[in-house]
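Analysis of the macromolecular model
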Amino acid sequence: MKILYLETSSKNCSVAISDNEKLLCLCEEVSENYKQSESLHTFVEWALEGAELSMKDIEAVSLGKGPGSYTGLRIGAASAKGFCYGLKIPLIAVNSIESMIEPFLGQNYNYIVPMVDARRMEVYTAVYDGNTGKEISGTEAKILDENSFEELKEKKVIFIGDGARKAKDILQLPDAVYEDNIYPSAQHLIRKTLEKIEKKEFEDIAYFEPFYLKDFHGVKKKKSEE
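Residues numbered from 1 in each chain as written. Predicted model: local features only at pLDDT ≥ 70, side-chain atom pairs only at ≥ 80, totals over all residues. Heavy atoms only, no water.

1. Points about the sheet that holds strand β6 (residues 111-117)
This is how the line gets drawn: In this description, strands pair whenever DSSP reports at least two bridges between them. Only DSSP runs of H or I reaching four residues or more are called helices, and only runs of E reaching two or more are called strands; each is numbered from the N terminus. Here, axes are lines fitted to C-alpha atoms. For helices the fit covers the stretch in contact, and angles between N-to-C directions go from 0 to 180 degrees.
Judged by pairing direction, the sheet is mixed, and its five strands sit side by side in the order β8-β7-β6-β9-β10 without closing on themselves. Either end of the sheet is taken by a strand with one partner, and the two such strands are β8 (135-143) and β10 (177-179). Along the sheet, successive strands turn relative to each other by an average axial angle of 15 degrees, direction set aside. Strand direction decides the pairing type here: strand β7 (residues 122-129) and β8, joined by six bridges, are antiparallel. Looking across to β8, one finds that V123 is bridged to K142.

This is the structure in structure tokens:
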């Protein structure tokens, strides 16, 4: 089964194509300026070319559904829906934070804690078993303080993602490992996507919304004084 993967929830605009579990091509770029709007469709074209496929060969689309950048998620979701509508193929959605743990599973950590940077001292985070990948605590928006994750103090823990950068300066966990140059990547959607296809866990394309986790806060207009 030829599957197209889109991951646009972070600074990493990422596109991959697989034939079942075999990765055929990956195109991605981390940019501080969030280049999803200008890069996503170019990366899709490059990935198809690299995999020696055309769009009509794609049999499903998998999307990293967030949480993360509001604008990035909307761009990814709109593109994924468009491809699925046009090709009449199913849409699969995978938690972007959960996908981040894939390269770190089975590396002798008790727990893997992905962190996506949000506003100020806040991160989007969850806790996973380091061997099985089982979710220990669900995805949440968490404001970090010196007592955060203190229940993991005696365990072998790795914090991953751009949110781990500020966590390292705040958390009182001197023995923890921090890998902050990690972003969600389309290639790490493959395993969970295949599991969902096996279970026929497809999204309703008409009603699908990304996993924003929090409402979008734009610039508020000042109320006129009475």
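Once the structure has been displayed, the description carries forward.
2. Let's talk about the packing of aromatic side chains
Spelled out, the test is: Pairing of aromatic side chains here covers Phe, Tyr and the six-membered ring of Trp, requires ring centres within 6.5 Å, and sorts the geometry by plane angle: under 30 degrees stacked, over 60 edge-to-face, intermediate tilted. Placement of a positive charge over a ring is assigned whenever Lys NZ or Arg CZ falls within 6 Å of the ring centre and within 35 degrees of the normal to the ring plane.
Under the counting rule described, the total for this entry stands at four aromatic pairs. Taken together, the aromatic side chains of F149, F159 and Y178 make up a single cluster linked through ring pairs. Of note, K65 hangs over the ring of F211, and the distance from its end group to the ring centre comes to 5.8 Å. K142 extends its terminal NZ or CZ atom over the ring of F149, reaching a point 5.2 Å from the ring centre.

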